Amino acid sequence: MARVAVDVVIKPEILDPQGKAILAALGRSGHAGITAVRQGKHFDLEVDDSVTDAELEEIAGTLLANPVIETWTVTRLVDA
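Asks: I would appreciate a short explanation of the overall build of the protein chain in the present structure.
Replies: The secondary structure content of the protein chain amounts to two helices and three strands. Secondary structure of the protein chain in N-to-C order comes out as β-α-β-α-β. Over its C-alpha atoms the protein chain spans a radius of gyration of 16 Å, topping by over 25% the 12 Å that the globule rule assigns to 80 residues. Principal axes of the C-alpha set define a box for the protein chain whose edges measure 50 × 35 × 15 Å. Residues classed as buried in the protein chain amount to 22% of the 80 residues present. Sequence separation of 24 or more characterises 70% of the internal contacts of the protein chain that already satisfy a separation of 6 or more. The protein chain carries 7 positive and 13 negative side-chain charges, and their two centres are separated by 13 Å.

Structure (structure tokens):
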């Protein structure tokens, strides 16, 4: 079994109201110096060796992300 991480974020040109709310909350709680926040999603998948990188990209782009407004990265994790 292999572990795969898929991270999904809103494209830079898309307004991110949740990110703006988090940024405001950080400022109110005394965390100065943070100038931007983009909210996203993280998925951990366990896959067997038969699952290809192309299949993982298809899964990310059709089931885990909305390709119109989000981008994603797929990373196979190496067990330490």
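Asks: Help me understand the pairing of strand β1 (residues 2-10) in this model?
Replies: For a regular strand, the rule is simple: side chains alternate between the two faces of the sheet. Note that β1 and strand β2 (residues 40-47) share eight bridges and pair antiparallel. Within β2, the position partnered with Arg-3 by the bridge is Glu-46. Where β1 lies against strand β3 (residues 70-77), eight bridges are found, and the strand directions are antiparallel. Considered in β3, the bridge of Ala-5 is made with Thr-75.

Asks: Would you mind showing me how to read helix α1 (residues 17-28) here?
Replies: Two residues of an α-helix separated by three or four positions point the same way, owing to the 3.6 residues in each turn. The first and last C-alpha atoms of α1 sit 17 Å apart over twelve residues, in line with the 16 Å expected at 1.5 Å per residue. Two residues or fewer past α1, Gly-30 is found with a positive phi of approximately 90°.

Asks: Before we go on, may I ask you to explain helix α2 (residues 53-64) in this structure?
Replies: Three or more residues of α2 are buried, namely Leu-56, Ala-60, Gly-61 and Leu-64. The arc that holds the buried residues of α2, viewed along the axis, is 125°, so those residues lie on one side. Projecting away from the buried face of α2 at angles above 90 degrees are the exposed residues Ala-54, Glu-58, Thr-62 and Leu-63. Packing partners of the buried residues in α2 comprise β1, β2 and β3.

About the criteria used
- Residues numbered from 1 in each chain as written.
- Predicted model: local features only at pLDDT ≥ 70, side-chain atom pairs only at ≥ 80, totals over all residues.
- Heavy atoms only, no water.
- Helix = DSSP H or I, 4+ residues; strand = E, 2+ residues; numbered from the N terminus.
- Rg over C-alpha atoms; globule rule 2.2 N^0.38 Å.
- Buried < 20%, exposed > 50% of the residue type's maximum accessible area, 1.4 Å probe, protein only.
- Contact = heavy atoms within 4.5 Å.
- Lys, Arg positive; Asp, Glu negative; His and termini not counted.
- Charge placed at Lys NZ, Arg CZ, Asp CG, Glu CD.
- Pairing = 2+ DSSP bridges.
- Expected span 1.5 Å × (residues − 1).
- Arc of directions from axis to C-beta.

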